[in-house]
Amino acid sequence: DAGITQSPRHKVTETGTPVTLRCHQTENHRYMYWYRQDPGHGLRLIHYSYGVKDTDKGEVSDGYSVSRSKTEDFLLTLESATSSQTSVYFCAISDRVLDTEAFFGQGTRLTVV
Amino acid sequence: DQQVKQNSPSLSVQEGRISILNCDYTNSMFDYFLWYKKYPAEGPTFLISISSIKDKNEDGRFTVFLNKSAKHLSLHIVPSQPGDSAVYFCAASESGTYKYIFGTGTRLKVLA
């Protein structure tokens, strides 16, 4: 299994509070991604990174920010959590030297009450 | 706008028979396609992929077919086994970008 660790695995937070999810990889892959999974919507890309300090928006980036100060860590921050951000969040990594797949972490279940 | 679509939310198949999962895409620039399998409370795991220079790729019981003119791909599982019961996602990517765009998923149930 690819070395991807997401933390925390579960979190309950209150509306309006900031939340940071962490993704840590030991594969030295250049590309990292944050997705959210919701019923009826599948997996939607929030933000992605193509190198240290290089990030870009995905399909559903509003209300989220990311940072990548080291190759191995990609942080997703909800600046002010809302109930619509209750979801399961997945981090993924990819090498993409050639056509390659992305490897996913185990997910973080976030509940905003 | 959904660039990758899986129009069947669910599919039930008898054990031993063929499962066919379908996926359509709208972006003609996509040139790499993947299928993932997801069990509850786990992350998606890679199953099989295909480059746009091919129209078929096979790996054991799993075969992916690509029809570029129709912007359609399908995953065939033969024979289907109860352990194949999961949610299947198709995904697409475009060379020169760094993104994987996923469909909404199809829940496959293989009946023993």
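Definitions and limits used
- Residues numbered from 1 in each chain as written.
- Chains lettered and ligands numbered in written order.
- Predicted model: local features only at pLDDT ≥ 70, side-chain atom pairs only at ≥ 80, totals over all residues.
- Heavy atoms only, no water.
- Disulfide = S-S within 2.5 Å.
- Helix = DSSP H or I, 4+ residues; strand = E, 2+ residues; numbered from the N terminus.
- Buried < 20%, exposed > 50% of the residue type's maximum accessible area, 1.4 Å probe, protein only.
- Patch = residues over 30% accessible without salt bridge, like charges linked within 9 Å, V, L, I, M, F, W, Y side chains within 5 Å.
- Areas by Shrake-Rupley, 256 points an atom, 1.4 Å probe, with all protein chains shown as cover.
- Salt bridge = Lys/Arg side-chain N within 4 Å of Asp/Glu carboxyl O.
- Pairing = 2+ DSSP bridges.
- 1 Å grid on protein atoms, 1.4 Å probe; cavity = no way out; pocket = protein on both sides within 12 Å on 5 of 7 lines; lining within 4 Å.
- Points joined across faces, edges and corners; volume = space filled by probe spheres on them.
- Nonpolar A, V, L, I, M, F, W, Y, C, P; charged D, E, K, R; others polar.

Caption draft 1: How the structure looks around the state of the cysteines. Across all of its chains, the model carries two disulfides over all chains by this definition. There is a disulfide in this structure between A:C23 and A:C91, and the S-S distance comes to 1.9 Å. On the sign convention where negative means left-handed, the S-S torsion of about -70° between A:C23 and A:C91 marks this disulfide as left-handed. Separated by 68 residues along the polypeptide, A:C23 in strand 3 (residues 19-25) and A:C91 in strand 9 (residues 87-94) bring together distant segments of the chain. A relative accessible area of 0% means that A:C23 is categorised as buried. Overall, the relative accessible area of 0% leaves A:C91 in the buried class. Each sulfur of the disulfide joining B:C23 and B:C90 lies 1.9 Å from the other. A torsion of 65° about the S-S bond marks the disulfide between B:C23 and B:C90 as right-handed. Residue B:C23 is found in strand 3 (residues 19-25), and its partner B:C90 is found in strand 9 (residues 86-93); the two are separated by 67 residues along the sequence. The class for B:C23 is buried, based on a relative accessible area of 2%.

Caption draft 2: Layout of a nonpolar patch on the surface. Residue and element names in this part refer to chain B. The grouping of I18, I20 and V78 at the surface amounts to a nonpolar patch, some 220 Å² of accessible area in total. Mapped onto the elements of the fold, I20 is located in strand 3. Looking at I20, the relative accessible area reads 37%, which means it is partly exposed.

Caption draft 3: Representation of the pairing of strand 9 of chain A in the model. Residues and elements named next belong to chain A. Strand 9 sits mainly inside the fold: eight of its eight residues count as buried. Because side chains alternate across strand 9, one face comprises the buried residues S87, Y89, C91 and I93, and the other comprises V88, F90, A92 and S94, equally buried. With seven bridges connecting them, strand 4 (residues 31-38) and strand 9 associate as antiparallel partners. Bridging across to strand 9, Y31 finds its partner in S94. Relative to strand 11 (residues 108-112), strand 9 runs antiparallel, the two sharing three bridges. Opposite V88, over in strand 11, you have R109 as the bridge partner. Inspection of the sheet shows strand 9 paired to strand 10 (residues 102-104) by three bridges, in the antiparallel sense. Paired with I93 across the bridge in strand 10 is F103.

Caption draft 4: Here's a closer look at the sheet that holds strand 6 (residues 56-59) of chain B. Residues and elements named next belong to chain B. Taken in spatial order, the five strands make up an open sheet running 1-3-8-7-6, and their pairing is antiparallel. The strands lining the two open edges of the sheet, one partner per strand, are strand 1 (4-5) and strand 6. Relative to strand 8 (residues 72-77), strand 7 (residues 62-67) is paired through six bridges, and the arrangement is antiparallel. Opposite F62, over in strand 8, you have I77 as the bridge partner.

Caption draft 5: Geometry of the layout of surface pockets. Roughly 580 Å³ of volume is contained in the largest pocket. Every residue lining the largest pocket is counted, 30 residues in all, and those nearest its centre are A:Q37, A:V88, A:R109, B:K38 and B:R107. For the lining of the largest pocket, the secondary-structure elements that each account for two or more residues are strand 4, strand 9 and strand 11 of chain A together with strand 9 and strand 11 (106-111) of chain B. Considering each element in turn, the lining of the largest pocket owes the most residues, four residues, to strand 11 of chain A. A class-by-class count of the residues in the lining of the largest pocket yields ten nonpolar, 14 polar and six charged.

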